[in-house]
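Summary of structural features
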Amino acid sequence: MEYSRAEKIIYWWRYKNYFMNESEKYQYSDIEKDSILIVLPDGEVAFDLANLFLEKIQYSDAKIHFLIKDALINFYPKKINESAILFSYKDINSLGTPTQAFVEKIKELKYANMIDLNINFSRFSSFLLRACHPKVRMGFNYDNSKKYYNVILDTNYQRDLEGTFNMIQQFIKI
């Protein structure tokens, strides 16, 4: 996705504090090591992915939550609804990125691992992951994905959901 010069300036000005130098180190002592936030896409693949995650981790001690658009929550099974964090259009600002209040809400939950399962670039989810500074920021490969994620996954997940889960499992303990 190509940004105009005005958009680049606005993004830089608004979000310069979120994009820290890589040399700055964070302390993860107060973060649960097995805490995971999974940002689900809006497509129908999201239902299958969420069910796969719940099926695979039912005997794990990992604390997993799903970030889901509030308009779609009724389509998910009850088990996923119980571990869902909802967002609405009120949590998205005019630039398509998360509001400061929403970022702070997610930061307070102190996730060590955040996974963006959007196959295409999503301003909301990629900026949210970057702004929350988790230890592992995982997402799929697209233009500029190296700016937002420190673990980049192969984009074959639409064909092989099991393979996608295995890729994610290699990087985080589930």
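Quick caveat, the model's predicted, so the values are computed rather than measured.

With that settled, the discussion passes to the overall build of the protein. In terms of regular secondary structure, the protein is built from seven helices and six strands. In the protein, which comprises 174 residues, the proportion classed as buried is 48%. Restricting to contacts in the protein with at least 6 residues of sequence separation, those with at least 24 account for 60%.

Counting 30 residues, the largest nonpolar core has I38, L40, F66 and L117 as its most contacted members. For this core, the elements supplying multiple residues, two or more each, are β1 (32–39), α2 (45–56), β2 (63–69), β5 (136–140), β6 (151–153) and α7 (161–171). With six residues, the single largest contributor to this core is α2. The residues touching F66, leaving out its near neighbours within four places in the chain, are L37, I38, L40, A50, F53, L54, I80, S83, A84 and I85.

Moving on to the packing of aromatic side chains. Within this structure, the stated rule accounts for nine aromatic pairs. Between F102 and F124, the aromatic rings sit 5.7 Å apart at their centres with planes inclined by 40°, giving tilted as the arrangement. Placement of F102 in helix α4 (residues 100–108) and of F124 in helix α5 (residues 123–132) is noted, with a sequence separation of 22 residues between them. In this pair, the class of F102 matches that of F124, namely buried. An aromatic cluster is present here, built from F121, F127, Y142, Y148 and Y149 joined pairwise through their rings. Directly above the ring of Y111 sits K63, whose terminal nitrogen or CZ lies 5.3 Å from the centroid.

We now examine the pattern of salt bridges. Evaluation of the coordinates by the stated rule reveals one salt bridge. Here K69 and D42 are joined by a salt bridge, their closest N and O atoms 3.1 Å apart. Of this pair, K69 sits in strand β2 while D42 sits in the loop between β1 and α2; the two residues are 27 residues apart in sequence, bridging distant segments of the chain.

On average, residues of the protein carry a pLDDT of 80, and 80% of them reach 70 or more. Mean pLDDT across the elements of the protein ranges from a minimum in helix α1 (residues 5–15), with 69, to a maximum in strand β3 (residues 84–87), with 94. In the model, residues 21–29 has pLDDT below 50 throughout and makes six contacts with residues more than four positions away in sequence or in other chains.

Tracing the backbone through its elements, the reader meets K105 in helix α4. By relative accessible area, which is 41% here, K105 ends up partly exposed. As a C-alpha pair, K105 and C132 span 27 residues in sequence and 9.6 Å in three-dimensional space. Residues within four places of K105 in sequence aside, it is in contact with I85 and L86.

Residues of α4 that are buried: F102, V103 and I106. Looking straight down α4, one finds its buried side chains confined to an arc of 100°; they lie on one side. Residues A101 and E108 are exposed on α4 and point more than 90 degrees away from its buried face.

Here the focus is α2. Given a rise of 1.5 Å per residue, twelve residues ought to cover 16 Å, and the 17 Å separating the end C-alpha atoms of α2 matches this to within 8%. Taken as a whole, α2 has its buried residues at A46, L49, A50, L52, F53 and L54.

Across the five residues of β5, five count as buried, placing the element largely inside the fold. Burial of β5 is two-sided: the residues V136, M138 and F140 facing one way and the residues R137 and G139 facing the other way are all buried. In this fold, the crossover linking strand β4 (residues 111–116) to β5 by way of α5 has right-handed handedness.

Rules of the game
- Residue indices follow the written sequence of each chain, beginning from 1 at its first position.
- Totals for whole chains, interfaces and linings use every residue, but because this is a predicted model, local features are given only for residues with pLDDT of at least 70 and side-chain atom pairs only at 80 or more, for both listing and counting.
- Note: side-chain values were computed over all heavy atoms of the structure, leaving out hydrogens and water.
- In DSSP terms, a helix is any run of H or I states spanning at least four residues, a strand is any run of E spanning at least two, and both are numbered starting from the N terminus.
- For every residue, the accessible area (1.4 Å probe, protein chains only) is compared with the maximum for its type, and the residue is labelled buried under 20%, exposed over 50%, or partly exposed between those bounds.
- Whether two residues are in contact is decided by their heavy atoms, any of which lying within 4.5 Å being enough.
- We call a set of buried residues a nonpolar core when its members are Ala, Val, Leu, Ile, Met, Phe, Trp, Tyr or Cys and they connect through side-chain atoms within 4.5 Å of each other.
- Aromatic contacts are taken between Phe, Tyr and Trp rings whose centres are within 6.5 Å, Trp giving its six-membered ring; a plane angle under 30 degrees counts as stacked, one over 60 as edge-to-face, and the others as tilted.
- Criterion for a charge above a ring: Lys NZ or Arg CZ within 6 Å of the ring centre, and within 35 degrees of the ring normal.
- The salt bridge definition used is simple: a Lys or Arg side-chain nitrogen within 4 Å of an Asp or Glu carboxyl oxygen.
- Scored from 0 to 100, pLDDT reflects the predictor's confidence in each residue.
- What the arc describes is the spread of directions from the helix axis to the C-beta atoms.
- Helix span, expected: 1.5 Å multiplied by one less than the number of residues in the helix.
- For crossovers, right-handed means that the path from the first strand over the helix to the second runs clockwise, given strands pointing away from the viewer.

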